[in-house]
Amino acid sequence: MEYNAFTEGVRPGSVTTSHEVMILICYLIERAGQPVSFKELNAALARARNRTLGDIYLELAALRRELVRNTGYDSYADYCYEIVHGRDYAPEDLPAFYEAVKSYIVPLYEDLYALYRNEPAHETAFTDYSGDAALDIIEPYLGRLSSEMAQAFAYMREHGLYDTASSKTKGSVFFTTILFSYGAPFYFGSPGSTPGSGIYDFCTTIHEFGHYNHFYWHPCGWLASDGPDTSEVHSQGLELLFSRFYPEIFGEGGDEVVLYDLTFLLSNIAEGCLQDELEQYVYATEDVTLEQINRKYRQLCVEYGKADPDDPREELYGWVDVNHLFTQPFYYISYAVSAAGAFSFWLDAQEDYFAAVDEYLTFAALDTGTGFRASFEMLGMDDPLSPSYLAHLAETLREALEVEDRMRDIPPTDVMGIEWFGEAAYALYTAGVLEKDGDGGRYAAQDGSWVHLDGKTLVSMNFWGFQRSFLDEAMARFPLFLDRILDQDPIRGECYLPILVTDMLSRGRAQVRMLSTADKWYGVTYREDKPTVVAA
């Protein structure tokens, strides 16, 4: 018999993830009869996590300030930027970059994210790209980009210098490294390890080959003195150049993949700046407290579009989940500047694609240790940290993607979630906007007139008849539902059939025929409904 934790108790060590802990606590609270919402529970756990990890972070920050006093540097930030990360720019070069990101990149990111969310889900998101699946698709396109990249890719596959197999024993990570004993790079990936991550897996495979190609032609590569800023341009630059082929590869799903990739990289710019600003504040503030950090983080989340300005919370706690802040101080800005730099090749590709590819290959061939800003200067390209560059990037992206026109086609945002219809209908009814009218009903139109419903108006009672193929579609989407609902309301969350059907209809993967009936519908939702149904 299968073991039941709720009836037989929880075995030691059997509850290991945060989701499992939340579900168990919700269950216990419900059984105890103490009403606590999932939102309240999640907030309480976040505060507790923040206190525990925050105290550790404060100790680390104090220790690092003490250590840097013996190095001759004025601040720990200066020490990390120059000595630890080998950058050719300093912390004082970034405030103008931060502000330009807030002014130009954050609003663009919010619009692109809205467009991406409005795209009908394509099968790419649910495709398993483990093994050689992604590599087989990518290989012929690399040959169209560059014979050098095709040579590096063929070498990797011919000698088996990669591991992209699906395995439960592999971590959900992607990376490229050097096998010094062999004098060759090696690519490790875990496609298919997360349900519904098809687009991420495919794009990340291209990303990692950007590293692999550089390592192939420069065996010392990143591990010498390139630093993360320059090295991530190799990977993200290839991602952006390769996006040209997505419509050809994915057909009608190509726009979704392009939007995903661009939105993800713009998010990297905003998040990298946010975390760096937070770290600058922490290490510049003597005797900083946990409350001060939480308040500063809340302020920055608003400025970078991660939180609503009207959010009543005075503190936010999620920064403690960024492990880089604990283990690699001042690393996170590399995600921002490298993504900004990678977009340089996308910008030039709008004028002359293959000239931009040549620029990218020249950039990747520069001697290690050239420096991030120096590399762009050597190629005669704009400084990715300049506000004018970011303004031009945002304007060009908006024009190329026709953002303003496409935003007008997005339906109004449902601010109440997937269960809006019940609460909204009840609110309309109690406000007199929706009411009974003889054997039917009526509702108020925008011009103030009443629209009559004659009682024979067809409505859906969600009584469905499906073929076997629907179950395959539902099974493919159910993991995505679990990922979302476990973070929202794991006790009462429901996977609604109409939402699945609507998604399939929008992608042309289903047809629905509505059948009418003369019978009267009875529903038993509340205790008060029972007498009416019994009397029928």
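Data block above holds the structure.
These notes cover the structure that comes with them. No experiment lies behind these values; they were computed from the predicted model shown. (Residues numbered from 1 in each chain as written. Predicted model: local features only at pLDDT ≥ 70, side-chain atom pairs only at ≥ 80, totals over all residues. Heavy atoms only, no water.)

## So, the packing of helix H6 (residues 133-145) against helix H7 (residues 147-158)
Closest axis-to-axis distance for the H6/H7 pair is 8 Å, and the angle between their directions is 150°. With respect to their mutual orientation, H6 and H7 come out roughly antiparallel. On the side of H6, the interface is formed by Leu 135, Asp 136, Ile 138, Glu 139, Leu 142, Gly 143 and Leu 145, while H7 contributes Met 149, Ala 150, Phe 153, Met 156 and Arg 157. (Axes fitted to C-alpha atoms, helices over the stretch in contact; angles between N-to-C directions. Helix = DSSP H or I, 4+ residues; strand = E, 2+ residues; numbered from the N terminus. Parallel < 35°, antiparallel > 145°, perpendicular 65-115°, else oblique. Contact = heavy atoms within 4.5 Å.)

## A few points about the sheet that holds strand S3 (residues 184-188)
Reading across the sheet, the three strands line up as S1-S3-S2 and stay open at both edges, with mixed pairing between neighbours. Only two strands of the sheet have a single neighbouring strand rather than two, namely strand S1 (162-163) and strand S2 (175-179). Examined bridge by bridge, S2 and S3 share five bridges and lie antiparallel to one another. By the bridge assignment for S3, Thr 177 is matched with Phe 186. (Pairing = 2+ DSSP bridges.)

## Details of the environment of Glu 82
For Glu 82, the position within the fold is in helix H4 (residues 76-84). Of the residues examined, Glu 82 reaches a relative accessible area of 49% and is grouped as partly exposed. With near-sequence residues (within four places) excluded, Glu 82 lies in contact with Tyr 73 and Arg 87. (Buried < 20%, exposed > 50% of the residue type's maximum accessible area, 1.4 Å probe, protein only.)

## Topic: helix H9 (residues 227-242)
Taking 1.5 Å of rise per residue, 16 residues should cover 22 Å, and H9 covers 23 Å from first to last C-alpha, within 8% of that figure. Along H9, the sharpest change in direction is near 25° and occurs at His 234. Of all 16 residues that make up H9, 16 are buried, and the element is covered over most of its length. (Expected span 1.5 Å × (residues − 1). Bend = angle between axes of the 7 residues up to and from the residue.)

## Here's the deal with the nonpolar core
In terms of nonpolar packing, the biggest core is built from 112 residues, with Phe 97, Val 101, Phe 202, Phe 242 and Phe 343 touching the most fellow members. Residue contacts for Phe 242: discarding those within four places in its chain leaves Ile 138, Tyr 141, Leu 142, Leu 145, Phe 202, Ile 206, Ile 249 and Tyr 353. (Core = buried A, V, L, I, M, F, W, Y, C linked by side-chain atoms within 4.5 Å.)

## A word on the pairing of S3
Most of S3 is tucked away: five of the five residues are buried. Here S3 shows two buried faces, one formed by Ala 184, Phe 186 and Phe 188 and the other by Pro 185 and Tyr 187. Two elements, S1 and S3, share two bridges in a ladder whose sense is parallel. Paired with Tyr 162 across the bridge in S3 is Tyr 187. Once S2 ends, the chain turns through four residues before running back antiparallel as S3, passing Gly 183 with a positive phi of about 65°.

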